[in-house]
Amino acid sequence: MGIPTVRNDILPPAKRSLANSTNYGDETDARGLIAPGKFQHKGVEDEDFFARRSPEELLEIVRRVSPEISHADFDDVFARAVELHEDGDTSS
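Residues numbered from 1 in each chain as written. Predicted model: local features only at pLDDT ≥ 70, side-chain atom pairs only at ≥ 80, totals over all residues. Heavy atoms only, no water.

Draft legend 1. Focus on the layout of surface pockets. Space inside the second largest pocket adds up to approximately 160 Å³. Together, Thr28, Asp29, Arg31, Gly32, Ala35, Pro36, Gly37, Gln40, Glu45, Asp46 and Glu47 line the second largest pocket. Residues belonging to the lining of the second largest pocket are distributed by class as follows: two nonpolar, four polar and five charged. (1 Å grid on protein atoms, 1.4 Å probe; cavity = no way out; pocket = protein on both sides within 12 Å on 5 of 7 lines; lining within 4 Å. Points joined across faces, edges and corners; volume = space filled by probe spheres on them. Nonpolar A, V, L, I, M, F, W, Y, C, P; charged D, E, K, R; others polar.)

Below you can see the structure in the form of structure tokens.
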């Protein structure tokens, strides 16, 4: 039957070569090329905003923006976010 267009059967190499035209299924689609995500130029994909993160990881991220935030304030904000998500799952 031949080789499939998208090679899901093999792992992509750790380091890509421009000479390698193999599609491993992780390339950007037409939408991503025409209208890339708002933060894609900074290496942040849309899916990154929906990833579950532990409270510790979120506190580290928040402290990079607002170093003066207290644990109590962060805990209040995190508890409110868990309420808004409605499933009560705080695992990462």
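Here the narrative resumes, following the displayed structure.
Draft legend 2. A look at the pattern of salt bridges. Taken as a whole and judged by the stated rule, the model has five salt bridges. In this structure, arginine 16 engages aspartate 26 in a salt bridge whose closest nitrogen and oxygen atoms are separated by 2.6 Å. Residue arginine 16 is found in the segment before helix H1 (30-34), and its partner aspartate 26 is found in the segment before H1; the two are separated by ten residues along the sequence. Classification of aspartate 26 by relative accessible area gives partly exposed; the value is 46%. A salt bridge links arginine 80 to glutamate 83; the nearest nitrogen and oxygen atoms lie 3.2 Å apart. Of the two residues, arginine 80 and glutamate 83 both sit in helix H3 (residues 71-85), three residues apart, roughly one turn of that helix. Among the residues examined, arginine 80 registers a relative accessible area of 45% and is labelled partly exposed. Using a relative accessible area of 53% as the deciding quantity, one classes glutamate 83 as exposed. (Salt bridge = Lys/Arg side-chain N within 4 Å of Asp/Glu carboxyl O. Helix = DSSP H or I, 4+ residues; strand = E, 2+ residues; numbered from the N terminus. Buried < 20%, exposed > 50% of the residue type's maximum accessible area, 1.4 Å probe, protein only.)

Draft legend 3. Looking closely at the nonpolar core. Within the largest apolar cluster, five residues are counted, these being Leu59, Ile69, Phe74, Phe78 and Val82. When residues of this core are assigned to their parent elements, the largest contribution, three residues, is made by H3. Each residue touching isoleucine 69, except ones within four places of it in the same chain, is listed here: Leu59, Val62, Arg63 and Phe74. (Core = buried A, V, L, I, M, F, W, Y, C linked by side-chain atoms within 4.5 Å. Contact = heavy atoms within 4.5 Å.)

Draft legend 4. Structural detail: a nonpolar patch on the surface. On the surface, Phe39, Phe49 and Phe50 cluster together to form a nonpolar patch covering roughly 370 Å² of accessible area. Of note, phenylalanine 50 is situated in the loop between H1 and helix H2 (55-65). Looking at phenylalanine 50, the relative accessible area reads 71%, which means it is exposed. (Patch = residues over 30% accessible without salt bridge, like charges linked within 9 Å, V, L, I, M, F, W, Y side chains within 5 Å. Areas by Shrake-Rupley, 256 points an atom, 1.4 Å probe, with all protein chains shown as cover.)

Draft legend 5. The arrangement of the environment of arginine 7 in detail. Looking at where arginine 7 falls in the secondary structure, it is placed in the segment before H1. Under the relative-accessibility criterion, arginine 7 is labelled buried at 18%. Residues contacting arginine 7, with those up to four places away along its chain left out, are Thr22, Asn23 and Tyr24.

Draft legend 6. Broad picture of the packing of H2 against H3. Here H2 crosses H3 at 120°, and the two axes come no closer than 11 Å. The way H2 lies across H3 gives a crossing that is right-handed. Contacts between H2 and H3 involve Pro55, Leu58, Leu59, Val62 and Arg63 from the former and His71, Phe74 and Phe78 from the latter. For the contact of H2 with H3, the class distribution of residues is six nonpolar, one polar and one charged. (Axes fitted to C-alpha atoms, helices over the stretch in contact; angles between N-to-C directions. Left-handed = near helix turned anticlockwise from the far one by under 90°.)

Function-wise, these values are silent; they only describe arrangement.
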